[in-house]
Amino acid sequence: MLLGAGSDAEDVIQEAFVKGFRSLSRYRGESSFRSWLLAIVANETRNLHRSRSRRDGLVLRAAAQDGPAVGEDVAVGGVLAAERRAALVAALRQLPVKDREVIVCRFLLDLTEEETVTTLGWPRGTVKSRTYRALAKLRGLLDREEVRRG
């Protein structure tokens, strides 16, 4: 879902597990099993997007809303958290696909640098530089949103 599969996430994951099962004999143990399987999921997600008629960016879903708040302070905090989450998702949607992928892997999926290298199939230097640049772009987008809202 976080890599942009959206409502098709379950189908992508199921297909990735089937492909992973069929490819188990080709798993060489050069990386963790987790990152190997996540690479398959990432590839299946890319395949989904290629088969669609190229939408204007990947669809990210925000985390489920918190339950109803009991106290006023908790309610205000919940509203502010939801606004921050919505601003983050909106900013992520504005990033180029490759920038979004590296941010999702490193910070939303909490993958290590090595796992991100394996998942995305990029060289380590590319992951490092793209992460740095993507974070700078994301900060800029969030700063502009903050200024716009006042």
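Along each chain, numbering runs from 1 in the same order as the chain's sequence is written. Note on the predicted model: pLDDT of at least 70 is required for a residue's local features to be given, and 80 or more for side-chain atom pairs to be given and counted; whole-chain, interface and lining totals, by contrast, use all residues. Excluding hydrogens and water, the side-chain values take into account all heavy atoms of the structure.

Some points on the pattern of salt bridges
And step 1. We define a salt bridge as a side-chain nitrogen of Lys or Arg found within 4 Å of a carboxyl oxygen belonging to Asp or Glu. Evaluation of the coordinates by the stated rule reveals eight salt bridges.
And step 2. A salt bridge links Lys128 to Glu113; the nearest nitrogen and oxygen atoms lie 4.0 Å apart. Of this pair, Lys128 sits in helix α6 (residues 124-149) while Glu113 sits in helix α5 (residues 113-120), and the two are 15 residues apart along the sequence.
And step 3. Exposure classes here rest on a 1.4 Å probe applied to the protein chains alone. A residue is buried below 20% of its type maximum, exposed above 50%, and partly exposed in between. On the basis of relative accessible area, Lys128 is assigned to the partly exposed category, the value being 45%. We count a stretch as a helix when DSSP gives it H or I for four or more residues in a row; a strand needs E for two or more, and each element gets its number in order from the N terminus.

Focus on the nonpolar core
And step 1. The set of buried Ala, Val, Leu, Ile, Met, Phe, Trp, Tyr and Cys residues whose side-chain atoms join them within 4.5 Å is what this entry labels a nonpolar core. Among the nonpolar cores identified, the biggest contains 14 residues, and Leu95, Val102, Ile103 and Leu138 are the most heavily contacted of them.
And step 2. Elements with a contribution of two residues or more to this core: α3 (72-94), α4 (97-108), α5 and α6.
And step 3. Broken down by element, the residue count for this core peaks at four residues, all from α6.
And step 4. Leaving out residues up to four positions away in the same chain, Ile103 has contacts with Leu92, Leu95, Leu108, Ala134, Leu135 and Leu138.
And step 5. Counting seven residues, the second largest nonpolar core, distinct from the first, contains Val12, Leu37, Ile40 and Val41. Whether two residues are in contact is decided by their heavy atoms, any of which lying within 4.5 Å being enough.

Focus: the environment of Lys98
And step 1. With respect to the element layout, Lys98 can be found in helix α4.
And step 2. Sequence spacing of Lys98 and Arg130 is 32 residues, and the spatial spacing of their C-alpha atoms is 8.0 Å.
And step 3. With residues near it in sequence (within four places) discarded, Lys98 still touches Trp122 and Arg130.

Some thoughts on the packing of aromatic side chains
And step 1. Pairing of aromatic rings covers Phe, Tyr and Trp, the last counted by its six-membered ring, and requires centre-to-centre distances within 6.5 Å; plane angles under 30 degrees mean stacked, over 60 mean edge-to-face, and any other angle means tilted. As enumerated under the stated definition, the model contains three aromatic pairs in all.
And step 2. On the basis of an interplanar angle of 90° and a centroid distance of 5.5 Å, the ring pair of Tyr27 and Phe33 is categorised as edge-to-face.
And step 3. The class of Tyr27 is partly exposed, set by a relative accessible area of 27%.
And step 4. Pairing Tyr27 with Trp36 gives two aromatic rings, centres 5.1 Å apart and planes at 55°, and the pair type is tilted.
And step 5. Here the aromatic residues Tyr27, Phe33 and Trp36 are joined through ring pairs into a cluster of three or more.
And step 6. Here, over-ring charges are defined by two tests on the NZ atom of lysine or the CZ atom of arginine: distance to the ring centre within 6 Å, and angle to the ring normal within 35 degrees. One cation-aromatic arrangement involves Arg130 over Trp122; the distance from NZ or CZ to the ring centre is 5.4 Å.

Examining unusual backbone geometry
And step 1. If you check the backbone angles, Asp110 has positive phi at about 60° while not being a glycine.
And step 2. For Asp110, a relative accessible area of 60% gives the class exposed.

Structural notes on α5
And step 1. Restricting attention to buried positions, one finds in α5 the residues Glu115, Thr116, Val117, Thr119 and Leu120.
And step 2. Following α5 by one or two positions, Gly121 has its phi on the positive side, about 70°.

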